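One letter stands for each residue in the lines below.
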Amino acid sequence: QVQLVESGGGLVQAGGSLRLSCVASGLPFSAYGMGWFRRTPGKEREFVAAISRSGSSPTYADFVKGRFTISRDNGKRTVSLQMNSLKPEDTAVYYCAAPATSDAPYYLDTTYSFWGQGTQVTVSS
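Being a predicted model, the structure only gives us computed values, none of them experimental.

### Considerations on unusual backbone geometry
Line of reasoning, step 1. At Ser57, a position not held by glycine, the phi torsion is positive, near 55°.
Line of reasoning, step 2. Within the secondary structure, Ser57 sits in the loop between β5 (46–51) and β6 (59–60).

### Examining the packing of aromatic side chains
Line of reasoning, step 1. With the rule as written, the count across this model stands at three aromatic pairs.
Line of reasoning, step 2. Between Phe37 and Phe47 the ring centres are 5.6 Å apart and the planes differ by 75°, which places this aromatic pair in the edge-to-face class. Taken as a pair, Phe37 in strand β4 (residues 34–39) and Phe47 in strand β5 lie far apart in primary sequence, 10 residues in all.
Line of reasoning, step 3. In this structure Phe47 comes out as buried when scored by relative accessible area, which is 18%.
Line of reasoning, step 4. Ring centres of Phe37 and Tyr112 lie 5.3 Å apart, and the angle between their planes is 70°; this geometry places the pair in the edge-to-face category. Taken together, the residues Phe37 in strand β4 and Tyr112 in strand β10 (residues 112–115) connect sequence positions 75 residues apart.
Line of reasoning, step 5. Its relative accessible area of 1% is what places Phe37 among the buried residues.

### Comments concerning the sheet that holds strand β7 (residues 68–73)
Line of reasoning, step 1. The antiparallel open sheet is built from four strands, whose spatial order is β1-β3-β8-β7. Both edges of this open sheet fall to β1 (3–7) and β7, since each of them pairs with a single strand only. Ignoring strand direction, the axes of neighbouring strands in this sheet form an average angle of 15°.
Line of reasoning, step 2. Where strand β3 (residues 18–25) meets strand β8 (residues 78–83), six bridges bridge the pair, whose relative direction is antiparallel. Looking across to β8, one finds that Cys22 is bridged to Val79.

### Quick word on the pairing of strand β11 (residues 119–124)
Line of reasoning, step 1. What you see with β11 is a clean split: Thr119, Val121 and Val123 sit on the buried side and Gln120, Thr122 and Ser124 on the side with no burial.
Line of reasoning, step 2. When strand β2 (residues 10–13) meets β11, the two strands line up parallel, connected through four bridges. Each bridged residue has a counterpart across the sheet, and for Leu11 the counterpart in β11 is Thr122.
Line of reasoning, step 3. As judged from the three bridges shared by strand β9 (residues 92–99) and β11, these two strands associate in the antiparallel manner. Note that in β11 the partner of Tyr94 across the bridge is Thr119.

Parameters and conventions
- Going along each chain's sequence as written, the residues are numbered from 1 onward.
- Only residues with pLDDT of at least 70 get local features here, since the model is predicted, and only at 80 or more are side-chain atom pairs given and counted; chain-wide, interface and lining totals rely on the full set of residues.
- Note that the side-chain values use all heavy atoms of the structure and ignore hydrogens as well as water.
- Under the scheme used here, helices are H or I runs from DSSP no shorter than 4 residues and strands are E runs no shorter than 2 residues, and both carry numbers assigned from the N terminus.
- Put simply, two rings from Phe, Tyr or Trp (the six-membered ring, in Trp's case) pair if the centres are within 6.5 Å, and we call them stacked under 30 degrees between planes, edge-to-face over 60, tilted for the rest.
- Relative accessibility decides the category of a residue: with a 1.4 Å probe and only protein chains considered, values under 20% of the type maximum give buried, values over 50% give exposed, and everything between is partly exposed.
- Think of it this way: DSSP has to see at least two bridges between two strands before they count as a pair.
- A fitted line through C-alpha atoms represents every axis, and for helices the fit uses only the stretch in contact; the resulting angles, taken between N-to-C directions, go from 0 to 180 degrees.

By themselves, these are just geometric observations and shouldn't be taken as functional.
Printed below as a string of structure tokens:
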């Protein structure tokens, strides 16, 4: 059973920072690319960032480039999202995700099949 557990969300003022973490179990973590997504009520789920299994070649949605950084620690089976210069429009539930198989391309959001329960990020004006 694949399990992804996010943490680190909270309430922060605009311009502030948060660091999200996701702990993965039930899969060979180092063999999988990983991604972060977010969803606001009434909106479609959005791709935020993804990272290859080695930690190289991260990719980001345009709206977070220069502000967010994705990283991973394969020894700890974690993937993190450092969020700086937060904006009110970043308010959302953030989800950690893994593809269905280890050979699925991490850079395509359509390949993700396993999801965490999410962690709430709220950015006040």
